[in-house]
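# Results of the structural survey
The chain contents come next:
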Amino acid sequence: MPTHDVNVAVIYYSATGTIAELARLIADAAEHAGADVRLRRTAELAPQSAIDANPAWAANTTATADILEATHEDMLWADAVVFGSPTRFGNVTSQLKQFIDTLGGLWQQGRLADKVYSGFTASATAHGGQESTLLALYHSVHHFGGILVAPGYTDPAKFTDGNPYGTSHVGGPDTPVDANARTAARIQAERVVKLTKAIKAGLSPAS
């Protein structure tokens, strides 16, 4: 395998399916850009009764049952990690945060440092906390000693979707992921892969 190849883990939580779709788009774009990719979901913490009471939630749980749950080994394998979470009161979901909170041992050993990190989100309303959710997610990246790679306004299309912090989508399960979010997912994935390759090559003893 060429030394410039990189491993990208896309680790997400999704209740009703929007984040799951964005995760697949980012994973596919990263693979197309030349990365080996693992698509992983975090464990569900909500009671089954709550899931069953929401048809979209129950449908997404069934549709994504074949996706493996994220593990610490996925974090160790990855050169870059792209986290995804819907907004919950302007913050990261408890399901994704719980996974991040289990990483203390790896953090203490310094095994989360010098990796690339990025994030994506979705909300039901246009001002539903997308920016604050991504900023809250990125707090953990700073503690890890990670290298934050946000999309910024590095492509003309970013002035259309308007979110320099990460890919985002407005709308619930009945609102399909639109062309703006699909383009944003591709731009973010390509930027993550490009910079991860450059950083990994620069850190290589042979460089």
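Okay, so let's go over this structure.

What counts as what
Residues numbered from 1 in each chain as written. Predicted model: local features only at pLDDT ≥ 70, side-chain atom pairs only at ≥ 80, totals over all residues. Heavy atoms only, no water. Helix = DSSP H or I, 4+ residues; strand = E, 2+ residues; numbered from the N terminus. Buried < 20%, exposed > 50% of the residue type's maximum accessible area, 1.4 Å probe, protein only. Contact = heavy atoms within 4.5 Å. Areas by Shrake-Rupley, 256 points an atom, 1.4 Å probe, with all protein chains shown as cover. Lys, Arg positive; Asp, Glu negative; His and termini not counted. Charge placed at Lys NZ, Arg CZ, Asp CG, Glu CD. Core = buried A, V, L, I, M, F, W, Y, C linked by side-chain atoms within 4.5 Å. Salt bridge = Lys/Arg side-chain N within 4 Å of Asp/Glu carboxyl O. Phe/Tyr/Trp six-rings, centres within 6.5 Å; stacked < 30°, edge-to-face > 60°. Lys NZ or Arg CZ within 6 Å of the ring centre and 35° of its normal.

As a further point, take the overall build of the chain. Within the chain, the secondary structure is distributed over 9 helices and 7 strands. Projected onto its principal axes, the C-alpha positions of the chain cover 55 × 40 × 30 Å. The 207 residues of the chain split such that 45% are buried. Partitioning the contacts of the chain with sequence separation of at least 6, the portion at a separation of at least 24 is 79%. With an accessible surface of roughly 9800 Å², the chain has 55% of that area assigned to carbon and sulfur atoms. Taking the 15 positively charged and 20 negatively charged side chains of the chain as two groups, their mean positions are separated by 5 Å.

Judged by nonpolar contacts, the single largest core of 27 residues is most densely connected at Val8, Val10, Tyr12, Ile26, Leu39, Val82 and Phe120. Elements with a minimum of two residues in this core: strand E1 (6–12), helix H1 (18–32), strand E2 (35–41), strand E3 (80–88), strand E5 (116–123) and helix H9 (179–203). With 8 residues, the single largest contributor to this core is H1. Sequence-distant contacts of Ile26, that is, excluding residues within four places in its chain, are made with Val10, Val82, Phe120, Thr167, Ala185, Gln188 and Ala189. The next biggest cluster of nonpolar side chains, apart from the first, holds 24 residues, and it includes Met75, Val81, Leu112 and Tyr138.

For the rest of this paragraph, the subject is the pattern of salt bridges. By the definition in use, this model includes 9 salt bridges. For the salt bridge of Arg38 with Asp74, the shortest nitrogen-to-oxygen distance reads 2.8 Å. Linking Arg38 in strand E2 with Asp74 in helix H4 (residues 72–77), this pair joins segments that are 36 residues apart in sequence. When salt bridges with common partners are traced through the structure, they connect Arg38, Arg40, Glu73 and Asp74 into a single cluster.

Another point: the packing of aromatic side chains. Evaluated as defined, the whole model comprises 3 aromatic pairs. Ring geometry for Tyr117 against Phe144: centres 5.5 Å apart, planes inclined by 50°, an arrangement best described as tilted. Highlighted residues: Tyr117 in strand E5 and Phe144 in helix H7 (residues 130–144), separated in sequence by 27 residues. In this pair, the class of Tyr117 matches that of Phe144, namely buried. Relative to Phe159, the ring of Tyr153 has its centre 4.9 Å away and its plane inclined at 25°; by these criteria the two rings are stacked. Accessibility expressed as a relative area gives 63% for Phe159, which makes it exposed. Through a chain of ring-to-ring contacts, the aromatic side chains of Phe83, Tyr117 and Phe144 assemble into a single cluster. Here the guanidinium or amino end of Arg38 rests over the ring plane of Trp77, the centre of that ring lying 4.2 Å away.

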